[in-house]
Amino acid sequence: GEDVEQSLFLSVREGDSSVINCTYTDSSSTYLYWYKQEPGAGLQLLTYIFSNMDMKQDQRLTVLLNKKDKHLSLRIADTQTGDSAIYFCAESIMDSSYKLIFGSGTRLLVRP
Amino acid sequence: EAQVTQNPRYLITVTGKKLTVTCSQNMNHEYMSWYRQDPGLGLRQIYYSMNVEVTDKGDVPEGYKVSRKEKRNFPLILESPSPNQTSLYFCASSPIPAGVGGYTFGSGTRLTVV
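Residues numbered from 1 in each chain as written. Chains lettered and ligands numbered in written order. Predicted model: local features only at pLDDT ≥ 70, side-chain atom pairs only at ≥ 80, totals over all residues. Heavy atoms only, no water.

J.: Break down the environment of G15(A) for me, with residues and values.
T.: All names here are of chain A. Tracing the chain through its elements places G15 in the loop between strand 2 (9-13) and strand 3 (18-24). Residue G15 is classed as partly exposed on the basis of its relative accessible area, which comes to 39%. When the C-alpha positions of G15 and V4 are compared, they lie 29 Å apart, and in sequence the two are 11 residues distant. Residue contacts for G15: discarding those within four places in its chain leaves D78 and T79. (Helix = DSSP H or I, 4+ residues; strand = E, 2+ residues; numbered from the N terminus. Buried < 20%, exposed > 50% of the residue type's maximum accessible area, 1.4 Å probe, protein only. Contact = heavy atoms within 4.5 Å.)

Below is the structure:
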């Protein structure tokens, strides 16, 4: 069935790089997304990657996609305390529902 | 400003008292959806709608109803709320398919049923 898995928690020191990992199951996904949720707020789209790409870089964010292993990662360079949040990966399901399937979220804590 | 607006942001109610959470989007999106977010479970889809008068169940539809009489509005109705519906609810919208923009989310409604 459809499932997206993420580790629940990651703690890094300010200035270090953070890597958040995600595995997904639907090989027909066309887009994969990373969302950020700050405390008390909704989900904000951070970045996306199209399924025929291996990597996408956007300022401090690097997304890597390994289609063979169905593995997606988000690297945040020079992590700041403002990056502390919950990060969700999501895959688009290309059936009649057109829905996005979300992982359970990874809580990133950035220590000063 | 392009946005999804949910109301109310916070709601405390008693078991069995019918309530409606409103959702409105100003982007002319065809697709609208409701999710609930619970600790450790991520976001689970309750209902979705592909267009006016077209709605369908998501993964956890029990205890909820929706309607899509107008393209911009997609209210979530709890006819007889129960404590297990205490959760954080999000409305989202997108074009079909979502494409590069993904979903646009509302700010959320935190519901407590006592």
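Don't stop here, the text continues.
J.: Provide a residue-level description of the layout of surface pockets, including the pertinent values.
T.: When its volume is computed, the largest pocket comes out at roughly 450 Å³. Along its surface, the largest pocket is lined by 26 residues, and Q37(A), I86(A), R107(A), Q37(B) and L88(B) are the ones closest to its centre. By volume, the second largest pocket amounts to about 160 Å³. Lining the second largest pocket are 13 residues, with A2(B), Q3(B), V4(B), T104(B) and F105(B) positioned closest to its centre. The leading source of residues in the lining of the second largest pocket is strand 5 (residues 43-50) of chain A, at 3 residues. In the lining of the second largest pocket, the residues fall into 6 nonpolar, 6 polar and 1 charged. (1 Å grid on protein atoms, 1.4 Å probe; cavity = no way out; pocket = protein on both sides within 12 Å on 5 of 7 lines; lining within 4 Å. Points joined across faces, edges and corners; volume = space filled by probe spheres on them. Nonpolar A, V, L, I, M, F, W, Y, C, P; charged D, E, K, R; others polar.)

J.: So what's going on with the sheet that holds strand 7 (residues 65-66) of chain B? Residues and values would help.
T.: Residues and elements named next belong to chain B. Here 4 strands make up an open sheet; going across it, the order is 1-3-8-7 and the pairing antiparallel. The open sheet terminates on both sides in strands that have one partner only, identified here as strand 1 (4-7) and strand 7. In the sheet, strand 1 pairs with strand 3 (residues 19-25) via 4 bridges, with the strands oriented antiparallel. Bridging from a neighbouring strand, N7 pairs with T22 of strand 3. (Pairing = 2+ DSSP bridges.)

J.: So what about the state of the cysteines? Which residues, and what values?
T.: Counted by the stated rule, this structure contains 2 disulfides over all chains. Shown here is the disulfide that connects C22(A) with C89(A), its sulfur atoms set 1.9 Å apart. Judged by the sign of its S-S torsion, about 70°, the cystine formed by C22(A) and C89(A) is right-handed. On the criterion of sequence distance, the pair formed by C22(A) in strand 3 and C89(A) in strand 9 (residues 85-92) is long-range, its members being 67 residues apart. There is no split in this pair, since C22(A) and C89(A) are both buried. The side chain of C23(B) participates in a disulfide bridge whose partner is C91(B); the two sulfur atoms lie 1.9 Å from each other. Negative torsions about the S-S bond denote left-handed disulfides, and the value of about -75° found for C23(B) with C91(B) makes this one left-handed. Linking C23(B) in strand 3 with C91(B) in strand 9 (residues 87-94), this pair joins segments that are 68 residues apart in sequence. The same class applies to C23(B) as to C91(B), namely buried. (Disulfide = S-S within 2.5 Å.)

Purely spatial values, then, with no claim about function.
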